[in-house]
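Results of the structural survey
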Amino acid sequence: MNFKTTTTLLLAGAAFGLTASAATAQTNLRVFVSSQHRPDVWRKAFDMYEAKNANVKVTIETGGNTSEQQAQYLNTVMTAKDTSLDVMILDVIRPAQYAAAGWTVPFNEVLGNDAANYMKRYLPAYAEANTVDGKIVALPAFADAMFLYYRKDLLEKHGIQPPQTWDQLAAAAKKITEAEKDPNLQGLSFQGRAIEGAVCTFLLPYWSMGKQLVSDGKLSFDKETAVKSLKLWKDFVDQGVAKKNIAEVATDDTRKEFQAGNVVFAVNWSYAWGQFQGAESAVKDKVGVVKLPAVQGGQSASCLGGWEWGVSAYSNNKTEAQKFVQFLSSPEVSEFMAINAALLPQFPEVYTDADVTKAVPWFASARPVVETAKARPVTPRYNEVSEIIRTTVNAVLAGQQTPEEGATQMEGRLRRVLR
Amino acid sequence: MATASETTLVRAPSESGTKWWTRFLDPSERTLAVLLLMPAALLLTLIIVYPVCRLIWTSFQNLSLTSGVPASFAGLENYALMLEDPVFWETTWNTVLITLITVPGALLVGLGLALMANLPFNVKWPVRLSLLIPWALPLSFAGLIFAWFFHSEYGVVNDVLRRLGIEGVIWFNSANWAFAAICLTIIWKTSSFMALIILAGLQTIPRSLYEAAEVDGAGRFRQFFEITLPLLKPSIVVALIFRTITALQTFDIPYTMTRGGPGTSTATLAMYIHQNTVDFLDLGYGSALAVVMFALSMGVTAVYLRMIRAKG
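This one's a predicted model, so the numbers in the text were calculated from it and none came from an experiment.

1. Quick word on the side chain of Lys 243 of chain A
Secondary-structure assignment places Lys 243 of chain A in the loop between helix H11 (223–238) and helix H12 (251–259). The exposure class of Lys 243 of chain A is buried, given its relative accessible area of 12%. Polar side-chain contacts of Lys 243 of chain A include one of 2.9 Å to the side chain of Glu 257 of chain A. With near-sequence residues (within four places) excluded, Lys 243 of chain A lies in contact with Gln 186, Val 237, Val 249 and Glu 257 of chain A together with Glu 153 of chain B.

2. Here's the deal with the environment of Val 370 of chain A
Residue and element names in this part refer to chain A. Here Val 370 lies in helix H17 (residues 363–372). Sequence separation between Val 370 and Asp 235 is 135 residues; the distance between their C-alpha atoms is 28 Å. Excluding residues within four positions of it along the chain, Val 370 makes contact with Leu 123, Tyr 126, Ala 143, Ala 145, Leu 304, Leu 344 and Tyr 351.

3. Focus: unusual backbone geometry
The omega torsion of the bond from Gly 261 of chain B to Pro 262 of chain B falls at -5 degrees, within 30 degrees of zero and hence cis. If you trace the backbone, Pro 262 of chain B turns up in the loop between helix H12 (252–257) and helix H13 (269–279). A positive phi angle is found at Asp 133 of chain A, which is not glycine, with a value near 50 degrees. Phi angles above zero are rare outside glycine, and Ala 342 of chain A is one such case at about 55 degrees.

4. Some thoughts on the domain arrangement of chain A
Residue and element names in this part refer to chain A. For chain A, the domain assignment lists domain 1 (26–144 + 305–372) and domain 2 (146–303 + 378–417). Placing a centre on the C-alpha atoms of domain 1 and another on those of domain 2 gives a separation of 27 Å. With 14 residues of domain 1 in contact, the opposing surface of domain 2 contributes 17 residues. For the domain 1 and domain 2 pair, buried surface summed over both sides reaches about 1600 Å², with 66% attributable to carbon and sulfur atoms. Counting every contact that joins domain 1 to domain 2 gives 0 salt bridges. Applying the counting criterion to the domain 1 and domain 2 interface returns 4 residue pairs in polar contact (both at pLDDT 80 or more). Counting residues per element, the ones that place at least two in the side of domain 1 that touches domain 2 are helix H3 (67–79), helix H4 (95–100) and H17. In terms of residue count, H4 provides more of the side of domain 1 that touches domain 2 than any other element does, 3 residues in total. Among the residues making up the side of domain 1 that touches domain 2, the classes are represented as 8 nonpolar, 3 polar and 3 charged.

5. What to know about the confidence of the model for chain A
Mean pLDDT over chain A: 90, with 94% of residues reaching 70 or higher. When the elements of chain A are averaged for pLDDT, helix H1 (residues 3–24) of chain A gives the smallest value, 53, and H11 of chain A the largest, 97.

6. A few points about a nonpolar patch on the surface
Residue and element names in this part refer to chain B. Taken together, the side chains of Phe 141, Ile 145, Phe 149, Val 156, Val 160, Leu 164 and Ile 166 make up a nonpolar region of the molecular surface, amounting to roughly 610 Å² of accessible area. Mapped by element, the contributors of at least two residues to the nonpolar patch are helix H7 (139–149) and helix H8 (156–163). Counting residues per element, the nonpolar patch draws most heavily on H7, which supplies 3 residues. Classification of Val 156 as partly exposed rests on a relative accessible area of 40%.

The rules we used
Note on numbering: residues in each chain are counted from 1, in written sequence order. As a convention, the first chain written is A and the first ligand written is 1, with the rest following in written order. Only residues with pLDDT of at least 70 get local features here, since the model is predicted, and only at 80 or more are side-chain atom pairs given and counted; chain-wide, interface and lining totals rely on the full set of residues. Side-chain measures here rest on the full set of heavy atoms in the structure, leaving out hydrogens and waters. In this description a helix means any DSSP run of H or I spanning at least four residues, a strand means any run of E spanning at least two, and both kinds are numbered starting from the N terminus. Here's how the labels work: a residue is buried when its accessible area is under 20% of the maximum for its type, exposed when over 50%, partly exposed in between, all with a 1.4 Å probe on protein chains only. For the purposes of these results, a polar contact is taken to be a pair of N or O atoms within 3.5 Å, where, inside protein, one atom must be able to donate a hydrogen and its partner to accept one; residues adjacent in sequence count only when each atom of the pair is a side-chain atom. Contact definition: two residues touch when any of their heavy atoms are within 4.5 Å. Residue ranges assigned to the domains are those given by an automatic or database domain assignment. Defined in terms of a 1.4 Å probe, buried area is the accessible area two parts forfeit on being brought together, summed over both. Salt bridge, as used here: a side-chain nitrogen of Lys or Arg that lies within 4 Å of a carboxyl oxygen of Asp or Glu. Polar here means any residue other than Ala, Val, Leu, Ile, Met, Phe, Trp, Tyr, Cys and Pro, which are nonpolar, and Asp, Glu, Lys and Arg, which are charged; Gly is therefore polar. How sure the predictor is of each residue is captured by pLDDT, a score from 0 to 100. Patches here: salt-bridge-free residues with over 30% relative accessible area, like charges joined within 9 Å, nonpolar side chains (Val, Leu, Ile, Met, Phe, Trp, Tyr) joined within 5 Å. Note on areas: these come from Shrake-Rupley sampling with a 1.4 Å probe, and a residue is covered only by the protein chains present in the view.

If you want it as structure tokens, here you go:
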């Protein structure tokens, strides 16, 4: 083959290749999914979209074990203005922050005039968390809240009702652990390690006493309530209701220890339910779940969780990515994820859907908890707020600070951040 | 510069109205020196001088990616904020403390290891290899491994203590014990590096000196203090410089072991810089902290260099 024919052939091949790709115009979307939220099931939802849109190919990327680790990774990708990532799942506390940094594309243009109505379909808390100054910065992926898990078998055995207040819980835990005489059995497990979960640990009793951390964008810290909240948890440790090294316990440790049958009561997110019913669980069919106890004389309060889909401002396929996210944030996918991954729906009506209640019966009673769950403060400087609260909770539980010292330090540092 | 003068000879009859660049074809010794140094100087400017200047410039700015407002000049505001930031003082103190504990610690252990490795073994490589392993292990791996060793329930340390009938402590639940665990890990990790450099130094000491000392009736102890130690001094100083600078930058081991906990009692300055820049995206404040760490490292290096120079 001489040079001329080779070149002609190559050129012809290239031309053919170009026309072929123009005809199908394949779009590749790269999606970041948190590894703790069943990427395997999300993959199936993505397959559903690929089946309907032959020109779109979705690649999944996972990483990090906790919300903070994932945020660290995404922060790096976004500050580098990396174009490789199109869609990312964000913890409910982050859309405001990502929008302020200019890292996500608002959905207003795609949704048009219908935007406000579009958001009304969701549970109000999620419509709110994803709207910043009238801009829809992300769409809800699924809902979440904290619940009290308990050992149904042990409570029945000792004739105890699920507790309504934290005091009742302490009494019940003591009674059961004393009677069971199992040195490995803990009364209560919660998150004491300096992770995002510890922020909720602090806020649960704080909110239960009717106080807010931030009102109208201003810090409304009530020191006395903060001391009581920190003291409540520290007392659990001192009384032996929670284990001594609770300052080492992260969210998934609580899940694992409860799943191994070593915990009577556990504060955890909804994801734990699916795992408790799994094949390797020692507590399968022995688990009850109710709303969290209240502080004596207060209201039960839960921490609003949930994750949102955002489209990267540096994506080369923004429009395709936004269409894809609209599909992911639809009642159809919500129902699919509720049935197959036990993720709580972001739509009120999906909770009572017949197929959903058949697969996850307790979802029907979960809806009021999610509806009344409180959102952590929405501020672009949330990472700093979170760090201040969680390190204080950790220091108090480890006995490094008294609840009074902790609350004083927390107030001083929060004031500097939320000026 | 034979070639230079040769070319001068050949090109000598060039016209008087020469272009400016012709001097590069026919460089004087001075120009040649500048030309030869240029690539290295340019590279250094690009990868060291420019970033450092940029860092210092950023430290004078209000630059937070989460604020939604563009960067603005802030003067010394970041530095003023730093002076009244208790976490800055705590992390700086922790960094200094880690340096003061782990540098001498690693030196002592490293010296012992080097002396052992220098003993006349029949087969030398297993000793050398075991000396290399901690050094070759990535810092974060060492941190994660030791975090499990010191875990209060599942860790081997408390397990051994329990078998000996001693009630172990919850290491990471107490600032002091967590700090001790971190220092132990750092010493374990870094002493092999010290040992390697010292071992190289040991091998340059001539046998004949020890033989002469023996003839003169000096004991082992005396030999060590009169011969080994003085002749090792240059190696020790080099090892100390490297170790001190890395100690001031301690990040990986406390980050993986305790994340700075309980509270912020084991956080280091490097971790606080990382937290402010990567987690909080407050680049202005993070840069100001980094400038302080840079100054600290420069100061320590200057002291050591002066020490070497003083010793001639």
